[in-house]
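This is what each chain is made of:
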Amino acid sequence: MLVTKNLVPGESVYGEKRISIDSADVDGAKVEYRVWNPFRSKLAAGVLGGMDKIFIVPGSKVLYLGAASGTSVSHVADIVGPEGVVYAVEFSHRSGRDLINMAKKRTNVIPIIEDARTPHKYRILLSTVDVIFADIAQPDQARIVALNAHEFLKVGGHAVISIKANCIDSTAPAEAVFDREVNVLRGEMFKPLEQITLEPYERDHAMVTARYIRHM
Ligand code: SAM
């Protein structure tokens, strides 16, 4: 089972289970964890599917593209903790409302209701980030990641991308689609590091990590 340490103990975000355990370091104190379901989160599926590294650690600055209503974002906020920050970009106003509500309690989340294709519109809200995570299910997803990387990703930083094959090309075999997206990243100064499928949690999805080598 995958869990994250609850940044706001006593509260669930979307009805997920919480688990409280006695802490070893503080007398009588309890630490609370939230269950992270890989069938509901591509990032959780990547972790449980065997991804070696997701590069998101306590203190990380993360640009999260495709935040939806913020369920997975809330777990990323748990991981980066109070020293980190998650810039969560979502262009749907309907999902954005839930995202904004979630961020009221998790103050390390900065909700940004904009199109990830126009990073200059949110330039003023961001500093340089360590990691870009993308789950936007768009045909030009790798290009969108690159646009954001050229604006915000530090050299030596990482991209973690969930690729849904049939959103990009429903006629080509999934492997060919994944290769094409990885090649787009190569052309945009990324060095691909790892690629796994998200089976059994998601069909025809891959998760790819890559290091940003230098600015273009
Ligand atoms: N990552 C989310 C999770 O695990 O809960 C699910 C993301 S869902 C597959 C894709 C999201 O990306 C949708 O909410 C959609 O509105 C958003 N999206 C798609 N294209 C976008 C764009 N160009 N800019 C911002 N958000 C976008």
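Before reading on, note that the structure itself is shown above.
Residues numbered from 1 in each chain as written. Predicted model: local features only at pLDDT ≥ 70, side-chain atom pairs only at ≥ 80, totals over all residues. Heavy atoms only, no water.

Glancing now at the site of the ligand. By nearness alone, 17 residues border the ligand, and Tyr64, Ser72, Glu90, Asp115 and Gln138 come closest of all. In this structure, a nitrogen atom belonging to the ligand sits 2.8 Å away from a side-chain N or O atom of Tyr64. Asp115 is positioned with one of its side-chain polar atoms (N or O) 2.8 Å from a nitrogen atom of the ligand. In the complex, the protein chains occlude 84% of the 600 Å² of accessible area that the ligand would expose alone. Its residues assigned to classes, the shell around the ligand shows five nonpolar, five polar and seven charged. (Near = heavy atom within 4 Å. Polar contact = N/O pair within 3.5 Å; in protein donor to acceptor, adjacent residues only side chain to side chain. Areas by Shrake-Rupley, 256 points an atom, 1.4 Å probe, with all protein chains shown as cover. Nonpolar A, V, L, I, M, F, W, Y, C, P; charged D, E, K, R; others polar.)

Tracing the sequence through the fold places Asn183 in helix α6 (residues 174–187). Here Asn183 falls in the partly exposed class, since its relative accessible area comes to 45%. A polar contact is formed between the side chain of Asn183 and the side chain of Arg186, at a distance of 2.7 Å. (Helix = DSSP H or I, 4+ residues; strand = E, 2+ residues; numbered from the N terminus. Buried < 20%, exposed > 50% of the residue type's maximum accessible area, 1.4 Å probe, protein only.)

A few words now on the packing of aromatic side chains. The tally for this structure, following the rule as stated, stands at four aromatic pairs. With a centroid separation of 5.7 Å and an interplanar angle of 20 degrees, the aromatic rings of Tyr122 and Phe152 are classed as stacked. Of this pair, Tyr122 sits in the loop between β6 (109–112) and β7 (129–134) while Phe152 sits in helix α4 (residues 141–152), and the two are 30 residues apart along the sequence. Judged by centre distance (5.1 Å) and plane angle (40 degrees), the ring pair of Phe190 and Tyr212 falls under tilted. In this pair, Phe190 is assigned in strand β9 (residues 190–197) and Tyr212 in strand β10 (residues 205–212), connecting sequence segments 22 residues apart. Judged by its relative accessible area of 2%, Phe190 falls in the buried class. Residue Tyr212 is classed as buried on the basis of its relative accessible area, which comes to 0%. (Phe/Tyr/Trp six-rings, centres within 6.5 Å; stacked < 30°, edge-to-face > 60°.)

All right, on to unusual backbone geometry then. Going from Glu199 to Pro200, the amide bond is cis rather than trans, its omega being 0 degrees. By the secondary structure assignment, Pro200 is in the loop between β9 and β10. A positive phi angle, close to 50 degrees, is found at Ala137, a residue other than glycine. Mapping Ala137 onto the fold places it in the loop between β7 and α4. Look at Ala137 and you get partly exposed, because its relative accessible area is 36%.

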